[in-house]
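Here's the letter readout for the chains.
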Amino acid sequence: MKNITIKLSPEIALKYQQISDQDKENIEKQIENMIDLEIEKIKKKASDNLSKLMDQASEEAQANGLTPEILEEILNEDE
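Residues numbered from 1 in each chain as written. Predicted model: local features only at pLDDT ≥ 70, side-chain atom pairs only at ≥ 80, totals over all residues. Heavy atoms only, no water.

Draft legend 1. Summary view of the layout of surface pockets. Estimated volume of the largest pocket: approximately 760 Å³. What lines the largest pocket is a set of 21 residues, and nearest its centre among them are Ile4, Ile6, Tyr16, Glu28 and Ile31. Elements with a minimum of two residues in the lining of the largest pocket: helix H1 (10-18) and helix H2 (21-63). Grouping the amino acids of the lining of the largest pocket by side-chain chemistry returns 11 nonpolar, 3 polar and 7 charged. (1 Å grid on protein atoms, 1.4 Å probe; cavity = no way out; pocket = protein on both sides within 12 Å on 5 of 7 lines; lining within 4 Å. Points joined across faces, edges and corners; volume = space filled by probe spheres on them. Helix = DSSP H or I, 4+ residues; strand = E, 2+ residues; numbered from the N terminus. Nonpolar A, V, L, I, M, F, W, Y, C, P; charged D, E, K, R; others polar.)

Have a look at this one:
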């Protein structure tokens, strides 16, 4: 495990310091799960945004006349 620091109100910090080690461990597991869920939500949102942006770029390229054949030609120009 690795320690991190989070900000808490003085009241909550004091209450946390006064509880049993078992209760602290339970709280730490709950916080770990919450953080993991939030990170997964952030990653999904970023992935969804990227997919949306790529779809928009594709639609715009097609609207401007880019065909799969032209794209292939452009990608193979350096070869």
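Draft legend 2. Structural detail: the side chain of Lys24. Within the secondary structure, Lys24 is located in helix H2. Not counting residues up to four positions away in its chain, the partners in contact with Lys24 are Tyr16, Gln17 and Ile19. (Contact = heavy atoms within 4.5 Å.)

Draft legend 3. Quick peek at the confidence of the model for the protein chain. The predicted model of the protein chain averages 95 in pLDDT, with 99% of residues at 70 or higher. Ranking the elements of the protein chain by mean pLDDT puts helix H3 (residues 68-75) last with 90 and H1 first with 98. (pLDDT = per-residue confidence, 0-100.)

Draft legend 4. View of the pattern of salt bridges. Using the criterion set out here, one finds 4 salt bridges in the structure. One salt bridge in this structure joins Glu38 and Lys41, with 3.2 Å as the shortest N-O distance. Of this pair, Glu38 and Lys41 both sit in helix H2, 3 residues apart, which is roughly one turn of the helix. Lys41 sits in the exposed class, given a relative accessible area of 54%. Between Glu40 and Lys43 there is a salt bridge whose closest N-O contact spans 3.5 Å. Here Glu40 pairs with Lys43, and both are found in helix H2, just 3 residues apart, close to one helical turn. (Salt bridge = Lys/Arg side-chain N within 4 Å of Asp/Glu carboxyl O. Buried < 20%, exposed > 50% of the residue type's maximum accessible area, 1.4 Å probe, protein only.)

Draft legend 5. Quick look at a nonpolar patch on the surface. Taken together, the side chains of Ile4, Ile6, Leu8, Ile12, Ile27, Ile31, Ile35 and Ile39 define a hydrophobic patch exposed on the protein surface, amounting to about 660 Å² of accessible area. Examined against the element boundaries, Ile27 turns out to sit in helix H2. Residue Ile27 is classed as partly exposed on the basis of its relative accessible area of 31%. (Patch = residues over 30% accessible without salt bridge, like charges linked within 9 Å, V, L, I, M, F, W, Y side chains within 5 Å. Areas by Shrake-Rupley, 256 points an atom, 1.4 Å probe, with all protein chains shown as cover.)

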